[in-house]
Amino acid sequence: MFGGIAFMRDGHMFVGISADSLMVRVGPDQYEHVLGRKHVRKMDFTGRPMRGYVYVDRAGLESDEQLRAWLERSAAFVGTLAPK
């Protein structure tokens, strides 16, 4: 879909890798909040940002704890969705 590797949970894409950034599905409620974090930007690969999805640049993923926090945030949101 976006030219990278995606990982699914219950039929929903929740994280992926595009170039050297991690794509994270955070959901609409967390979207604006996480955009204020360092090394986070809108996911925009078509010319239109996808609300609820962000890119986390490599600098924001330097430790296992940082990566784990993003994976847990995304998995928690996707866990609220009905399985496909």
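See above for the structure.
These notes cover the structure that comes with them.

What to know about the overall build of the protein chain
If you tally the helices and strands in the protein chain, you get 2 helices and 5 strands. Viewed in the frame of its principal axes, the protein chain has a C-alpha envelope of about 35 × 30 × 25 Å. Looking at the protein chain as a whole, 36% of its 84 residues qualify as buried. Residue pairs in contact within the protein chain that sit at least 24 positions apart in sequence constitute 47% of those at least 6 positions apart. As displayed, the protein chain offers around 5200 Å² of accessible surface, 51% of which is attributable to carbon and sulfur atoms. When the 12 basic and 10 acidic side-chain charges of the protein chain are each reduced to a single mean position, those positions are 5 Å apart.

Examining a nonpolar patch on the surface
Together, Ile5, Phe7 and Ile17 line one region of the surface with nonpolar side chains, adding up to about 280 Å² of accessible area. Of note, isoleucine 17 is situated in strand E2 (residues 12–18). Judged by its relative accessible area of 39%, isoleucine 17 falls in the partly exposed class.

Quick look at the pattern of salt bridges
Per the counting criterion, the structure on display carries 2 salt bridges. A salt bridge links glutamate 32 to arginine 51; the nearest nitrogen and oxygen atoms lie 3.0 Å apart. Taken together, the residues glutamate 32 in helix H1 (residues 28–35) and arginine 51 in the loop between strand E4 (40–42) and strand E5 (53–57) connect sequence positions 19 residues apart. In this structure, the salt-bridge partner of arginine 41 is aspartate 57, at a minimum N-O distance of 2.9 Å. Residue arginine 41 is located in strand E4, and its partner aspartate 57 is located in strand E5; the two are separated by 16 residues in the primary sequence. The partly exposed category is assigned to aspartate 57, whose relative accessible area is 25%.

What to know about the environment of proline 49
For proline 49, the position within the fold is in the loop between E4 and E5. Judged by its relative accessible area of 41%, proline 49 is partly exposed. Contact partners of proline 49, with chain neighbours within four places excluded, come to Tyr31, Lys42, Met43 and Asp44.

Focus: unusual backbone geometry
Phi at aspartate 10 takes a positive value of approximately 55 degrees, unusual for a residue other than glycine. Following the sequence through the fold, aspartate 10 ends up in the loop between strand E1 (5–9) and E2. The class for aspartate 10 is partly exposed, based on a relative accessible area of 43%. Located in the positive-phi region is alanine 19, a residue other than glycine, with phi close to 55 degrees.

Basis of the calculations
- Residues numbered from 1 in each chain as written.
- Predicted model: local features only at pLDDT ≥ 70, side-chain atom pairs only at ≥ 80, totals over all residues.
- Heavy atoms only, no water.
- Helix = DSSP H or I, 4+ residues; strand = E, 2+ residues; numbered from the N terminus.
- Buried < 20%, exposed > 50% of the residue type's maximum accessible area, 1.4 Å probe, protein only.
- Contact = heavy atoms within 4.5 Å.
- Areas by Shrake-Rupley, 256 points an atom, 1.4 Å probe, with all protein chains shown as cover.
- Lys, Arg positive; Asp, Glu negative; His and termini not counted.
- Charge placed at Lys NZ, Arg CZ, Asp CG, Glu CD.
- Patch = residues over 30% accessible without salt bridge, like charges linked within 9 Å, V, L, I, M, F, W, Y side chains within 5 Å.
- Salt bridge = Lys/Arg side-chain N within 4 Å of Asp/Glu carboxyl O.

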